[in-house]
Structures are given as structure tokens and as C-alpha cells.
Amino acid sequence: MAVKLGDLSVSPMSGVERARGGVERVTPTLTVEEADRLASACDRVSRRYGDYVRLAALLGLRAGELTALQVGDVDLTTGVVTVRRAFSAGELQTPKSRRVRQVPLVGESGPVLARMTTGRRPTDLVLLGPLGGRLYHSNFRTKVRWSALVEDLGWPGLRFHDLRATAIVLWIRAEVPLTTVRALAGHASLATTDRYARIARNDLAGAAAQVNSYISRTRDEVAATRVFDETSPGQA
């Protein structure tokens with residue numbers, strides 16, 4: 001049930017997930033602009049919910065890792081977040097990988113975390129709900145009407161955990177080495193990271209652009225050949 005509800009601090013996500021009936025689910029990922037749109041939509045319920053989405057899409061942390069993040073885990077000077085713990089089934093535990101790992105602050109994650117942590121105690125939870133208490137992932141889903149929201153935005157079936165995939169694919173497309181991506185994501189094996197690499201390579205928009213470019217070049221070459229044939233000496 002944790003997978004269905006999006007609380008995936010317990011269950012890992014595969015790049016391609018086997019669904020019932022042998023049908024494969026292709027993991028969707030968002031562009032930076034699309035992640036911004038999703039965060040802005042959540043802002044309308046609470047800015048804290050919007051920031052939750054922004055951090056998930058940039059840092060690639062699991063929901064349980066994000067909600068367990070403490071102020072002392074954020075080092076704004078070095079630009080690093082240390083992942084030491086995660087909420088799982090309501091209890092504070094070690095991360096799924098059983099290892100502490102560090103993730104760099106990228107994009108607007110730095111300013112967001114600066115706003116959320118400045119002046120607070122090291123043991124305070126970074127992420128808070130709209131009323132100031134701990135942010136519960138289940139409450140977030142209910143308040144933003146997650147399933148209806150993502151469908152309205154054009155991504156039916158998008159899971160919160162797909163924001164983790166969004167971040168990982170972003171790192172890969174930015175040409176971060178896969179061994180580094182593995183460490184940042186906390187994957188147990190490089191084979192898991194490679195699934196995300198296949199997602200990154202499966203860029204339909206990029207493929208379409210390449211094919212259209214080829215078609216255009218081919219037509220230009222054919223047209224140029226026709227002009228040459230028509231203007232060459234000795235043509236009947």
C-alpha cells in the first residue's frame with residue numbers, strides 16, 4: 001500500500017516497473033519547467049507543499065528522507081545536504097541504502113533551504129506542514145489532491161516518487177558520471193542507476209528533433225541534386 005500512496009521511502013523504484021498482467025510501466029519524468037508548474041500548483045495550497053515538490057525534483061531524495069531531514073543536515077556554506085535518516089512506516093530509521101550519503105544543492109534548492117532553516121535549531125525538522133508541525137506525506141497528498149492535480153496538469157498517474165526519477169535523470173542528462181549518480185541517489189548497485197540512464201536516453205522529444213532534422217537535410221539534399229541536374233551542361 002505504501003507504493004500506491006506514494007510513500008516510497010520503503011519501496012525502491014525501478015526505471016521500468018512490471019505492472020499487473022505483464023504490462024510495463026514506463027517511469028515518467030518531468031522537465032524543469034514542468035516540475036516548476038507542479039510546485040507552483042502546490043504553492044496555492046501551501047508554499048511549504050510547493051517547496052516539498054521543488055526539493056524532491058532537485059535533490060532526488062525519497063519522501064521519507066525529505067520529511068526526516070533536519071536543519072543540521074543542511075550545510076549552506078558547502079552547498080551539501082547529508083541524508084542520515086528516513087521516516088518509514090511512521091518510524092525514524094536509517095536511509096533505505098543503510099548508508100549516510102551527501103547530495104549537492106542545485107538550482108533553487110539552496111535558496112529554498114536557506115529560507116527554511118535560517119535561525120532554527122539543528123535538530124528541528126526542515127520540512128513543516130502548513131500549521132507548523134511535522135509534514136506528513138499522506139496529508140500532503142490529501143491536501144493538494146495529488147491524483148486529480150497531476151491529471152489536471154497533464155500527467156495522469158504521476159507518483160511523488162517520480163520526482164526522484166526526475167532529479168536522477170536530470171543529473172544523468174547533465175553528464176554526471178553514473179558512479180557519482182549512484183552515490184547521490186543511494187542506489188545499492190550500478191544496475192539500478194543504469195535503469196535511470198536508459199530513461200534519460202529514451203528522450204522522445206530529442207529523438208523526434210533528430211529525425212525531423214534528418215528529414216529536412218535529406219529533402220534539402222534531394223532538392224539541391226535536382227537543381228544541379230537541371231542546370232548541368234549536356235542535359236536534354
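## Examining the overall build of the chain
Right, on to step 1. Counting its regular elements, the chain contains 11 helices and seven strands.
Right, on to step 2. A burial count over the chain gives 43% of its 236 residues as buried.
Right, on to step 3. A fraction of 61% describes how many contacts in the chain between residues 6 or more apart in sequence connect residues 24 or more apart.
Right, on to step 4. Within the structure as shown, the chain displays about 13000 Å² of accessible surface, and the carbon and sulfur contribution to it stands at 54%.

## Overview of the layout of surface pockets
The gaps of empty space that remain are located by a probe, the size of a water molecule, rolled over the atoms.
Right, on to step 1. Of the voids in this model, the second largest pocket is the one considered here, and its volume is about 270 Å³.
Right, on to step 2. If you trace the second largest pocket, you find 16 residues lining it, with Thr31, Val32, Ala35, Thr166 and Leu170 closest to the centre.
Right, on to step 3. Only α2 (32–43), α3 (47–59) and α8 (162–173) provide two or more residues apiece to the lining of the second largest pocket.
Right, on to step 4. Class assignment for the residues of the lining of the second largest pocket results in eight nonpolar, four polar and four charged.

## Looking at the packing of aromatic side chains
Right, on to step 1. The full count for this structure, using the stated rule, is six aromatic pairs.
Right, on to step 2. Taking the centre distance of 5.3 Å and the plane angle of 70° together, the rings of Tyr49 and Phe140 count as edge-to-face. Highlighted residues: Tyr49 in helix α3 and Phe140 in helix α6 (residues 137–144), separated in sequence by 91 residues. Residue Tyr49 shares its accessibility class with Phe140, and that shared class is buried.
Right, on to step 3. Pairing Phe140 with Phe160 gives two aromatic rings, centres 5.6 Å apart and planes at 75°, and the pair type is edge-to-face. In this pair, Phe140 is assigned in helix α6 and Phe160 in the loop between α7 (146–152) and α8, connecting sequence segments 20 residues apart.

## Observations regarding the packing of α3 against helix α5 (residues 109–117)
Right, on to step 1. One can describe the packing of α3 onto α5 by two numbers: an axis separation of 10 Å at closest approach and a directional angle of 140°. Comparing the axis directions of α3 and α5 gives the class oblique. Judged by the twist between their axes, the crossing of α3 over α5 is left-handed. Side by side, α3 and α5 meet where Arg47, Asp51, Arg54, Leu55, Leu58 and Leu59 of the first sit next to Ser109, Val112, Leu113, Arg115 and Met116 of the second.
Right, on to step 2. A per-class count over the contact of α3 with α5 returns six nonpolar, one polar and four charged.

Procedures and definitions
Residues numbered from 1 in each chain as written. Predicted model: local features only at pLDDT ≥ 70, side-chain atom pairs only at ≥ 80, totals over all residues. Heavy atoms only, no water. Helix = DSSP H or I, 4+ residues; strand = E, 2+ residues; numbered from the N terminus. Buried < 20%, exposed > 50% of the residue type's maximum accessible area, 1.4 Å probe, protein only. Contact = heavy atoms within 4.5 Å. Areas by Shrake-Rupley, 256 points an atom, 1.4 Å probe, with all protein chains shown as cover. 1 Å grid on protein atoms, 1.4 Å probe; cavity = no way out; pocket = protein on both sides within 12 Å on 5 of 7 lines; lining within 4 Å. Points joined across faces, edges and corners; volume = space filled by probe spheres on them. Nonpolar A, V, L, I, M, F, W, Y, C, P; charged D, E, K, R; others polar. Phe/Tyr/Trp six-rings, centres within 6.5 Å; stacked < 30°, edge-to-face > 60°. Axes fitted to C-alpha atoms, helices over the stretch in contact; angles between N-to-C directions. Parallel < 35°, antiparallel > 145°, perpendicular 65-115°, else oblique. Left-handed = near helix turned anticlockwise from the far one by under 90°.

Bear in mind that shape data such as this cannot, by itself, settle questions of function.
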